[in-house]
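# Coordinate analysis (summary)
Single-letter residue listing:
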Amino acid sequence: MKFFRKIHLWLSVPFGVIITLVCFSGAMLIFEPEITRAIKSDVYYVDASKGAPLPMGELMETVKATLPDSISITGVTVFHDKERAWQVSLSKPKRASLFIDQYTGKITGKYERLGFFSTMFKLHRWLLDGANPHGDGPKIGKLLVGISTLIFIIALITGIVIWWPRARRGLKRSLSISFKDGWRGFWKNLHIAGGMYALIFVLAMALTGLTWSFSWYRTAFYAVCGVEHTPRNMTVSNKGKNDSETDHRGQKEREGGQREGRLHGGRGDASGEHRGGRHRSEFGRWQGIYEQLKLQNPDAPQITIGNETANVSLGTLGNGRAADKYEFSRRKGEITSVTRYDDALPADKLRGWIYAVHTGSWGGMLTRILWLLGALLGASLPLTGYYIWIKHMGKKKPR
């Protein structure tokens, strides 16, 4: 038991502050979407009493006219909530998008992470490390977050070992938090009992969070789950075509369309079609594809149409990123293949589940609240531990 106490203490002391920062910043991010939409409601919400939405192609051309030549539209997301503005995804920078009022064609604003949440995210992932987290070279902040998370897992496990004898003598007392013994007793009880209350939640967060920190851990985690880790989005359609085959086919279609356009005396657009000398929008087929998918999936929380691909969110509890994926021909406006979520690669399913468990979104509002409380308790553990340690060291000093 003495050995476990030493491990618990001497691993926690140097990394406790980092653990607190990571847990606290993670807690702050749990309700970021709702808070952002509430603060910037004029960007995210529109008046749905203005009639039917304008044609999707017309809306996309409106957005395109405001963009520089170096930036293109990669997709549009339509939400089931008619008061949600449509979200238009852009080619760059990464995850860039803007919102447009589908009833008036007015651009309401662009996606911008609020400053507070941007800081919390950088703190949570990289400890505000200024190095490019996606570039080459050492990423000290990311490495420290990963090491601290590993240490946190060890501290939690050794904490259970230390707690168990006390629990056997009196479970109720070992799980109580009171002021009976003054502030010192309160902080000690909060550290011990609070750790037990938060244990399942913080362990789930830590074990899933490490998949973003270390590639070796990610591979091992997938293997333990019986899944071979594969690069993101390498899904296979029900016809056995992988993404590279789809891209090759799409390129041939575009090249063929451009040749057809030149034969008709024009340079051709992105969909490669001219009719009667009139330029057809590269987004002309998007409306028809959306209407087909909406008819088939009337209750889908959101439908995203992109360049020859479409995603229909299932909106079920569990993996919140679960979606059916479609491919379509821009020239013919026909759906050519579909990959149902049930048929997706196990790695893609697991990736979504990892995110859902890490953020607590897998069970809806209830689990997110529990994850918030668990993360805040997790953030308090090193601080209460420091308090107990300092008080204990003070008692040892000779008078």
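Residues numbered from 1 in each chain as written. Predicted model: local features only at pLDDT ≥ 70, side-chain atom pairs only at ≥ 80, totals over all residues. Heavy atoms only, no water.

Looking now at the overall build of the protein. From N to C terminus, the protein includes 13 helices and 10 strands. Burial status across the protein gives 43% buried among its 399 residues. Put simply, of all contacts in the protein between residues at least 6 apart along the chain, 57% involve residues at least 24 apart. (Helix = DSSP H or I, 4+ residues; strand = E, 2+ residues; numbered from the N terminus. Buried < 20%, exposed > 50% of the residue type's maximum accessible area, 1.4 Å probe, protein only. Contact = heavy atoms within 4.5 Å.)

Before going further, it helps to spend a moment on the packing of helix H8 (residues 182–209) against helix H12 (residues 346–359). Where H8 contacts H12, the two axes come as close as 8 Å, and the packing angle between them is 140°. In this structure, H8 meets H12 at a crossing whose hand is left-handed. Facing H8, whose interface residues are Ala-204, Met-205, Thr-208 and Gly-209, H12 presents Ile-354, Val-357 and His-358. (Axes fitted to C-alpha atoms, helices over the stretch in contact; angles between N-to-C directions. Left-handed = near helix turned anticlockwise from the far one by under 90°.)

Another aspect to go through is the sheet that holds strand S8 (residues 309–313). Strand order in the open sheet made by the 8 strands is S4-S3-S2-S1-S7-S8-S9-S10, with antiparallel pairing throughout. If you trace the sheet from one side to the other, it starts and ends with strand S4 (107–110) and strand S10 (334–339), each paired once. Sheet twist, expressed as the mean angle between neighbouring strand axes with direction ignored, is 20°. Sheet topology note: the strand S2 (residues 86–90)/strand S3 (residues 97–100) ladder contains 4 bridges and is antiparallel. Bridged to Val-88 within S3 is Leu-98. Of the strands in this sheet, strand S1 (73–79), S2, S3, S4 and strand S7 (302–306) are in contact with helix H4 (residues 56–64), which crosses S1 at around 130°. (Pairing = 2+ DSSP bridges.)

With the exception of glycine, the majority of residues adopt a negative phi angle, and the majority of peptide bonds are in the trans configuration. Following Lys-92, the chain continues into Pro-93 via a peptide bond in cis, with omega recorded as -5°. As for its position among the elements, Pro-93 is in the loop between S2 and S3. The phi dihedral of Leu-127 is positive, around 55°, even though this residue is not glycine. Located in the positive-phi region is Leu-128, a residue other than glycine, with phi close to 65°. Position of Leu-128 relative to the elements: it lies in the loop between helix H5 (115–126) and helix H6 (140–169).

A cluster of basic residues, Arg-5, Lys-172, Arg-173, Lys-180, Arg-184, Lys-188, Lys-391 and Lys-395, forms a positive patch at the surface. Elements with a minimum of two residues in the positive patch: helix H7 (171–174), H8 and helix H13 (365–396). Counting through the fold element by element, Arg-5 comes out in helix H1 (residues 2–29). (Patch = residues over 30% accessible without salt bridge, like charges linked within 9 Å, V, L, I, M, F, W, Y side chains within 5 Å. Areas by Shrake-Rupley, 256 points an atom, 1.4 Å probe, with all protein chains shown as cover. Salt bridge = Lys/Arg side-chain N within 4 Å of Asp/Glu carboxyl O. Lys, Arg positive; Asp, Glu negative; His and termini not counted. Charge placed at Lys NZ, Arg CZ, Asp CG, Glu CD.)

This brings us to the environment of Tyr-387. Of note, Tyr-387 is situated in helix H13. Sequence separation between Tyr-387 and Lys-188 is 199 residues, and the spatial gap between their C-alpha atoms is 8.3 Å. Beyond its immediate stretch of four places on either side in the chain, Tyr-387 contacts Trp-183, Arg-184 and Trp-187.

Here the focus is the packing of H1 against H5. Direction vectors running N to C along H1 and H5 enclose 140°, while the axes themselves pass 8 Å from each other. When the interaxial angle is binned, H1 and H5 end up oblique. Where H1 crosses over H5, the two elements pack in a sense that is left-handed. Facing H1, whose interface residues are Leu-21, Val-22, Phe-24, Ser-25, Gly-26, Met-28 and Leu-29, H5 presents Phe-116, Phe-117, Met-120, Phe-121, Leu-123 and His-124. Residues belonging to the contact of H1 with H5 are distributed by class as follows: 10 nonpolar, 3 polar and no charged. (Parallel < 35°, antiparallel > 145°, perpendicular 65-115°, else oblique. Nonpolar A, V, L, I, M, F, W, Y, C, P; charged D, E, K, R; others polar.)

Because an α-helix completes one turn every 3.6 residues, residues spaced three or four positions apart along the sequence face the same direction. Spanning 14 residues, H12 covers 20 Å between terminal C-alpha atoms, matching the ideal 20 Å at 1.5 Å per step. Within H12, burial applies to Ala-347, Asp-348, Leu-350, Arg-351, Gly-352, Ile-354, Ala-356 and His-358. Once H12 finishes, Gly-360 follows within two positions and takes phi at roughly 80°, a positive value. (Expected span 1.5 Å × (residues − 1).)

Bridge count for S1 against S7 is 5 bridges, and the pairing is antiparallel. Bridge pairing links Val-76 to Ile-305 in S7. In sequence, S7 turns back onto S8 through a hairpin of 2 residues, with Glu-308 there showing a positive phi of about 70°.

Shape is all these values report; function is a separate question.
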